[in-house]
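Chain and residue survey
Listed below are the residues making up each chain.
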Amino acid sequence: MQVVFGVLGPVTAWRDGVELALKGPRHRAVLARLIVARGRVVPVDSLVADLWTVPPDGATSAVRTFVAALRRALEPDRPPRSPARLLVTEGPGYALRATDVDAWRFEQAVAGTATLQELEEALSWWRGPAYAGFADAPWAHAERSRLTELRLTAVERHAEAQLALGLAADAVPTLDAHVTEHPWREDAWRLLALALYRSDRQGDALAVLRNARTLLVEQLGVDPSPALQRLETDILNQADHLDPTPAGNVWAQATAAYDRAVPTSARARLESTVGLLRNLALTGGSGLEAAREHRLAAITAAEELGDPELTARVIGLYDVPAIWTRSDDQEQADAIVAAAARTLPAITQPAARARLLATVALESRGCNSTRGLAAAREAVDIARRLEDPALLAFALNGLFMHTFYRAGLAPERDKIGRELIALADRLDPATAVLGHLIRLQARSALGDFEGADEHARAADELSKRFELPLVAVFTTWYRAMRAADESAYREAAALLDGAGMPGLEQGLLPLALHSLGLAPATPPDEPRPDLLLEAHWCMIARQAIARHDHATMQRALDALTPAAAEHAAGSGLVTFGPISQYLEQLRQGLMRD
């Protein structure tokens, strides 16, 4: 049984879509007062004072009668003498444990990054003034005012969305009525003038701005805001920025058509949205941040539909190539791994299962756990049996993330990079870029810097040809490492601002400067299994030698020995030189002490 409470108009409630017949105005007043309290307890004395200016004899008993009637209406199937779940008694009064109130849903929709269609749906929930029938009730004043202001803001945001989508003419009638009813809202005047201008009605746009000026000056005694004044000047000059670019119009109109054609709740929307997020992530910067922000919401929505196969597709479609082994948002990564783990038992289809496993591997990168490695190996095995190149590339990416459980595994990473480059002939350029960047790192670790240079050049060429801006972050950092120059590192660090990769950005410049001997740094107590594994062990070795810490020196020796032939440059961004020199210093330190 679902009960929905409506206050965006006359106060009422619906149970399973059917409006409840609340007995009278006092019953509605009690319900409204409890909704305003937002789950807090309202004492009986307060309810009495709110319902009557001069309470009659027996007012307290009357309130209890109203509450009992409301309980019967809200939960008609509740067994006698069993506790109420929605309208509960607590301490000196009552509380409404509502979970679905149209005003609260409206508030959430307007507060988020709502689409045009979502704003239209939210505005359609209004059936009149908020808390209609209680305009004179002091307890309702603040909430009525807040919701009214929120609705006016939503109307203006809806108009802004229409303008952004190239639907200026559609916005004019609503905005015209809006400024007539609320003439003091300067932003509404600005939007109306802009909508008229974009509808090829320049004269009307200027007339609207003159009307706004007259109203503000003569009735309020204030000049128009700088924004209104600038708009008038820009319209007179027909400024280029007043019209959206043609490319923007194409995208906006396509988005609007999608919103109109596909219902918000449609399952197809979830899958197509994840496809869009995948492409958005490849642009880097704000696109990557936006994709990260909305990805978990899509997974959550799929899970709420109770369809494991749909959830598996939504999780597995986001096969964005990843090169850095530290998560940008560990909390989100953990949530995605948990969702995949919940879904896996219900999935028998091999390809879907492999995608879930590859996702677990990617999102558990940098963690001291064997689960990710096991998931990656199983995903690779399935993909090879299916002979599916796209699936294999995704699974290999996950396997790459877990080739840091010990030092000295650069040859394995080089092999993965080589296979990804070979697979890219049948896939997209992002796969080839990933392969070249992995080989850049692996060849750096193996001391083959000429080979790493070739892979850096190949990655740059692909990024320019196919507009993959994130590639330059890695190749610029690599060249700074090759130059071993402070200014080169600082220029590379500037590329991280706004790149949308905090997992890469955090602490990288100080570490690079420390590798050049230009800044102090404190090594971690225990290195994470990631691209900086060998570098951090080298830092630990240095500190242990300086402190004559035999136990830590032995740990560092044991950890670094498998990488004796490598350089501490596996990240491709920072190097601490040949690992053999650290091993020699550790052995001498242990013998000397």
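Refer to the structure presented above.
The notes below deal with the structure included here. (Residues numbered from 1 in each chain as written. Predicted model: local features only at pLDDT ≥ 70, side-chain atom pairs only at ≥ 80, totals over all residues. Heavy atoms only, no water.)

**With respect to the overall build of the protein chain**
Test applied: Comment: elements are numbered from the N terminus, with helices defined as DSSP H or I runs of at least four residues and strands as E runs of at least two. Exposure classes here rest on a 1.4 Å probe applied to the protein chains alone. A residue is buried below 20% of its type maximum, exposed above 50%, and partly exposed in between. Any two residues whose heavy atoms approach within 4.5 Å at even a single point are treated as in contact. Every accessible area reported is derived by Shrake-Rupley at a probe size of 1.4 Å, with residue values counting cover from the shown protein chains alone.
Looking only at helices and strands, the protein chain features 28 helices and six strands. Judged by the C-alpha coordinates and their principal axes, the protein chain covers about 95 × 75 × 50 Å. Residues counted as buried form 51% of the 593 residues belonging to the protein chain. Counting contacts in the protein chain only where the partners sit at least 6 residues apart, residues at least 24 apart contribute 63% of the total. Of the roughly 27700 Å² that the protein chain leaves accessible, carbon and sulfur atoms contribute 53%.

**Quick look at unusual backbone geometry**
Positive phi values are uncommon outside glycine, yet glutamine 238 reaches one of about 50°. Looking at the secondary structure, you find glutamine 238 in the loop between helix H10 (226–237) and helix H11 (246–261). Judged by its relative accessible area of 47%, glutamine 238 is partly exposed. The phi angle at histidine 548 is positive, at roughly 55°, despite the residue not being glycine.

**Topic: the nonpolar core**
Worth spelling out the cut-off: Nine residue types can take part in a nonpolar core, namely buried Ala, Val, Leu, Ile, Met, Phe, Trp, Tyr and Cys, and a core is a set of them joined through side-chain atoms within 4.5 Å.
Judged by nonpolar contacts, the single largest core of 112 residues is most densely connected at Trp477, Leu504 and Phe576. Those residues in contact with phenylalanine 576, other than ones at most four positions away along the chain, are Leu511, His514, Ser515, Ala535, Cys538, Met539, Arg542, Ala568, Gln581 and Tyr582. Leu51, Leu86, Ala103 and Leu123 belong to the second largest nonpolar core, which has 52 residues in total.

**So, the packing of helix H8 (residues 186–198) against H10**
Under the convention used in this document: As a rule, the C-alpha atoms of each element are fitted with a line to give its axis, helices using only the stretch in contact, and angles between N-to-C directions run from 0 to 180 degrees. These descriptions rest on fixed angle ranges, namely under 35 degrees for roughly parallel, over 145 for roughly antiparallel, 65 to 115 for roughly perpendicular, and the rest for oblique. The sense of a crossing depends on the near helix, which, turned anticlockwise from the far helix by less than a right angle, makes the crossing left-handed and, turned clockwise, makes it right-handed.
Where H8 contacts H10, the axes come no closer than 10 Å and their chain directions differ by 15°. Between H8 and H10, the interaxial angle falls into the category roughly parallel. Where H8 crosses over H10, the two elements pack in a sense that is left-handed. Contacts from Glu186, Trp189, Arg190, Ala193, Leu194 and Tyr197 in H8 reach Ala227, Leu228, Leu231 and Ile235 in H10.

**Here we look at the packing of aromatic side chains**
Definition in use: The rule is short: rings of Phe, Tyr and Trp, with Trp giving its six-membered ring, pair when the centres are within 6.5 Å, and they are stacked under 30 degrees, edge-to-face over 60, tilted in between.
One pass over the structure, following the stated rule, counts five aromatic pairs. With 5.5 Å between their ring centres and 80° between their planes, phenylalanine 106 and tryptophan 126 make a pair best called edge-to-face. With phenylalanine 106 in helix H4 (residues 102–111) and tryptophan 126 in the loop between helix H5 (116–124) and helix H6 (138–164), this pair connects stretches of sequence that are 20 residues apart. Aromatic pair phenylalanine 134 and tryptophan 139: ring centres 5.5 Å apart, planes at 45°, arrangement tilted. Neither phenylalanine 134 nor tryptophan 139 differs from the other in exposure class; each is buried.

**Regarding a nonpolar patch on the surface**
This is how the line gets drawn: Residues enter patches when their relative accessible area tops 30% and they take part in no salt bridge; the joining distance is 9 Å for like charges and 5 Å for the nonpolar side chains Val, Leu, Ile, Met, Phe, Trp and Tyr. Each salt bridge in this description consists of a side-chain nitrogen of Lys or Arg and a carboxyl oxygen of Asp or Glu lying within 4 Å of one another.
Together, Trp184, Leu220 and Val222 make up an exposed nonpolar region whose accessible area comes to about 280 Å². Within the secondary structure, leucine 220 is located in helix H9 (residues 202–220). On the accessibility criterion, leucine 220 (43% relative accessible area) is partly exposed.

**Some thoughts on the sheet that holds strand S3 (residues 18–19)**
Operational definition: The pairing criterion is simple: DSSP has to find at least two bridges between the two strands.
Taken together, the three strands give an open sheet; going across it, the order is S1-S2-S3, and neighbouring strands pair in antiparallel fashion. Each having just a single partner strand, strand S1 (3–6) and S3 make up the two edges of the open sheet.

**Here's the deal with the pattern of salt bridges**
Evaluated as defined, the whole model comprises 30 salt bridges. Between arginine 38 and glutamate 107 there is a salt bridge whose closest N-O contact spans 2.9 Å. Taken together, the residues arginine 38 in the loop between helix H1 (25–36) and strand S4 (42–43) and glutamate 107 in helix H4 connect sequence positions 69 residues apart. Aspartate 204 serves as the salt-bridge partner of arginine 201, at 2.9 Å between the closest nitrogen and oxygen. The exposure class assigned to arginine 201 is partly exposed, which follows from its relative accessible area of 36%.

**A short note on the sheet that holds S4**
The antiparallel open sheet is built from three strands, whose spatial order is S4-S6-S5. Each edge of the open sheet is held by one strand with a lone partner, namely S4 and strand S5 (87–90). In the sheet, S5 pairs with strand S6 (residues 93–96) via four bridges, with the strands oriented antiparallel. Of the residues in S6, the one forming a bridge with leucine 87 is leucine 96.

**Here we look at helix H23 (residues 486–494)**
Quick reminder of the rule: Here the arc refers to the directions that run from the helix axis out to each C-beta atom.
Among the residues making up H23, those that are buried are Ala488, Tyr489, Ala492 and Ala493. For H23, the arc enclosing every buried residue in end-on projection is 140°, short of the 170-degree limit, so these residues lie on one face. The inward-facing, buried residues of H23 contact helix H22 (471–483) and helix H25 (508–515).

**Quick word on the packing of H5 against H6**
Here is the rule: Note that Gly is not counted as nonpolar here; it falls among the polar residues with everything else outside the nonpolar set of Ala, Val, Leu, Ile, Met, Phe, Trp, Tyr, Cys and Pro and the charged set of Asp, Glu, Lys and Arg.
Between H5 and H6, the shortest axis-to-axis distance is 9 Å and the interhelical angle comes to 150°. Here H5 is positioned roughly antiparallel relative to H6, judged by the angle of their axes. Seen along the crossing, H5 lies across H6 with a hand that is left-handed. Residue-level inspection shows Leu116, Leu119, Glu120 and Leu123 of H5 in contact with H6, the latter providing Arg151, Ala154, Val155, Arg157, His158, Ala161 and Gln162. Looking at the contact of H5 with H6 residue by residue, the class counts come to six nonpolar, two polar and three charged.

**Structural notes on the pairing of strand S2 (residues 12–15)**
Both S1 and S2 contribute to a ladder of four bridges, which runs antiparallel. Bridging from a neighbouring strand, valine 3 pairs with arginine 15 of S2. Between the end of S1 and the start of S2, which pair antiparallel, lie five residues, with glycine 9 showing a positive phi angle near 140°. The sheet contact formed by S2 and S3 spans two bridges and is antiparallel. The residue of S3 that forms the bridge with arginine 15 is valine 18. The antiparallel pairing of S2 with S3 creates a hairpin that spans two residues between the two strands, and aspartate 16 there sits at a positive phi of about 55°.

Nothing here speaks to function; it is all geometry.
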